[in-house]
Amino acid sequence: MRDLSYKAVMGRKNDIMKAAVGIDYNDFEYGNIAFDYDGMMEKVAYSMEEMQKIQRATKVGNTPLFEVKNINKLIKKCSEKGKGARVFIKDEAANASGSFKARRAAISVYHAQKLGYKGVIAATSGNYGAAVASQAAQRGLKCIIVQEVYDSKKKGQPEIIEKARKCESFGAEVIQLTVGPELFYTFLKILEETGYFNASLYTPFGIAGVETLGYEIANQMMDMEGKYPDAVVATHAGGGNLTGTARGLIKAGVTNCNVVGASVDLKGLHMASDKDFNRKSFTTGHTGFGIPFASWPDRADVPRNAARVLRYMDRYVTVTQGEVFYVTELLAQLEGIERGPAGNVSLAAAISLAKEMDENQIVVVQETEYTGAGKHPIPQLTFARENGIEISIGDPKGNIPGKTIVIPESIDQISAIDVDLLKLKTSYIKNAVKNNTAVELNSDDIDYIAKDVNLPKNKVVGIIDQLNQ
Amino acid sequence: MNKAAKGTWVEIENEVLSASERAPQVPEDTKTTPLMMWTRGFMIEESASIGDFVSVTTLSGRIVKGKLVEISPRFEHDFGKPVQELLRTGVNLKEEITK
């Protein structure tokens, strides 16, 4: 009989994971902490052509890209003369399962089937669950989704409950847990029990699957406007969305496009806190994931996270919950499309950026997501109110995560706040040193860190020297 | 409905970790609560009442045991109550675009 205690299962983590993802990460390790990221992406993942074919087979990709003309009219009105870039949206809600996550799931589930796994498992409270369930349904694989849903009173975020419903509608088993990082323990136990594939968000498959999104944006934009976009905004949480999109843009030959990450500001709320859990309106796309995953990607559920945003992010901004609800309303009322709020984080950021950019420039919002009961501004704000959050109309600067949600009065109040990227990179380097105190960082390691944070080597050495003082 | 018959779609509950078994990195407020888990499936026993210990076959075909907490569990999430602030937003936007 296997020991199923917390300690014993966590102790078997590496073996369970190796069996469940079919990748020997040791093949890519070198130096003392370095690993060959590019080599892993090249050898383990699939080519662009293969991925397009895999995705086409299961109703993923080739989503529409369109200009939001009425929104752009308002942006122009509140921008200085010569400013006000045009915003385009990639309507990823058109994918099977209703979000860009289908791109990641398509590759993972295809790979699982190819390796002969009978089923797939994913630990996610987000759209990825439905994406994996939808892909598994198409490929005839069993599917289990493990979700963090409830506080200790079994009160659940309406947005997550809706995602559970959607997973079940595709025939997946949904395991629901109260808040806490020990979800990972349950996840490992189920992986071990079933022998299914870990369709983690962070394997090379999960990330490479998004490359087709960046690739499509580049080519569609070239077809429509005869040029590549000047900026692409991607919502950032675990990092896969931005990493994959940026890699896809590069593969399409786009060299001078600003890749901007955007997260909802949830500063001050602890992600594993029972009390804070239901005081937020966004369960993903927020700083509670965005900051820790940027400053230490390898906190994921696989030994090496294939999502490494600091390599690709040119700028990182935050927006408020109120601003995102406002732009969700804007999209419905002026553009005639209802989409989920979480997918509109990047739209809020893009509107803010467009106001500073030149009028002949183009900024692409690279996703939308489906909407429905629970996953919509009205139920999410109703839930917020029931949990003691004050909702008002006014200046979005008055948003205090966990206390107030202020819906802007007009579009000119939408104003993304820059996150200091150098500070984030320094914090990554600090983590690299802190998490590896037992080893000496050699020249290979410094090279690797420099690549991982996209800074010159001497700058990295300077930061490490400063930390050691 | 307090009784379920064999084959009924039900929800069962399990305590994964008691409050004293929570991981060290868990924040203080969460540490005072157990880690709970809910699973849904078709009940295997002939008959059972809320609170009984039962087994279910889940949608993936696993057999899981736990305390019966709901019979025919319903998704109750909805479209919420009207949010005055958003209704105002809509009206304002229509005005702004025609200005």
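Parameters and conventions
Residues numbered from 1 in each chain as written. Chains lettered and ligands numbered in written order. Predicted model: local features only at pLDDT ≥ 70, side-chain atom pairs only at ≥ 80, totals over all residues. Domains from an automatic or database assignment. Contact = placed C-beta atoms within 7 Å. Helix = DSSP H or I, 4+ residues; strand = E, 2+ residues; numbered from the N terminus. Nonpolar A, V, L, I, M, F, W, Y, C, P; charged D, E, K, R; others polar. Buried ≥ 20, exposed ≤ 12 C-beta atoms within 10 Å, placed from the backbone. Pairing = 2+ DSSP bridges.

Engineer: Would you take a moment to explain the domain arrangement of chain A for this structure?
Structural biologist: Where interface size is given, it is often the accessible area lost as the parts come together that is meant. Residues and elements named next belong to chain A. Split into domains, chain A comes out as domain 1 (6-53 + 99-203), domain 2 (59-98 + 205-418) and domain 3 (428-468). Taking only C-alpha atoms into account, the centre of domain 1 sits 23 Å from that of domain 2. In this assembly, 46 residues from domain 1 lie in contact with 47 residues from domain 2. Contributing elements (two or more residues each) for the side of domain 1 that touches domain 2: α2 (13-21), α3 (37-44), α4 (48-57), α6 (101-114), α7 (127-139) and α8 (158-169). Sorting elements by how many residues they give to the side of domain 1 that touches domain 2 places α6 first, with 7 residues.

Engineer: Hey, could you run me through the interface of chain A and chain B in this one?
Structural biologist: Every contact between the two is made by 49 residues of chain A and, on the other side, 37 residues of chain B. Secondary structure elements with two or more residues in the side of chain A that touches chain B: α5 (69-77), β4 (142-150), α8, β5 (173-178), α13 (321-335), α15 (377-386) and β11 (390-394) of chain A. Here the side of chain A that touches chain B is composed, by residue class, of 23 nonpolar, 16 polar and 10 charged.

Engineer: Is there a simple way to explain helix α12 (residues 287-295) of chain A in this structure?
Structural biologist: Owing to its 3.6 residues per turn, the α-helix brings residues three or four apart onto one side. Most of α12 of chain A sits out of view: 7 of its 9 residues are buried. Residues of α12 of chain A that are buried in the fold lie against β8 (258-264), β9 (315-319) and α16 (421-434) of chain A.

Engineer: Mind showing me how you'd approach the pairing of strand β2 (residues 86-90) of chain A here?
Structural biologist: Every other side chain in a regular strand lies on the same face of the sheet, so the side chains alternate between the two faces. Residue and element names in this part refer to chain A. Among the 5 residues that make up β2, 5 are buried, leaving the element largely enclosed by the rest of the structure. In β2, alternate side chains face the same way, and those of Arg86, Phe88 and Lys90 on one face and Val87 and Ile89 on the other are all buried. Of the pairings in the sheet, the one linking strand β1 (residues 65-67) to β2 comprises 3 bridges and is antiparallel in character. Across the sheet, the residue bridging to Phe66 is Ile89, located in β2. Where β2 lies against strand β10 (residues 362-365), 4 bridges are found, and the strand directions are parallel. Paired with Arg86 across the bridge in β10 is Ile362.

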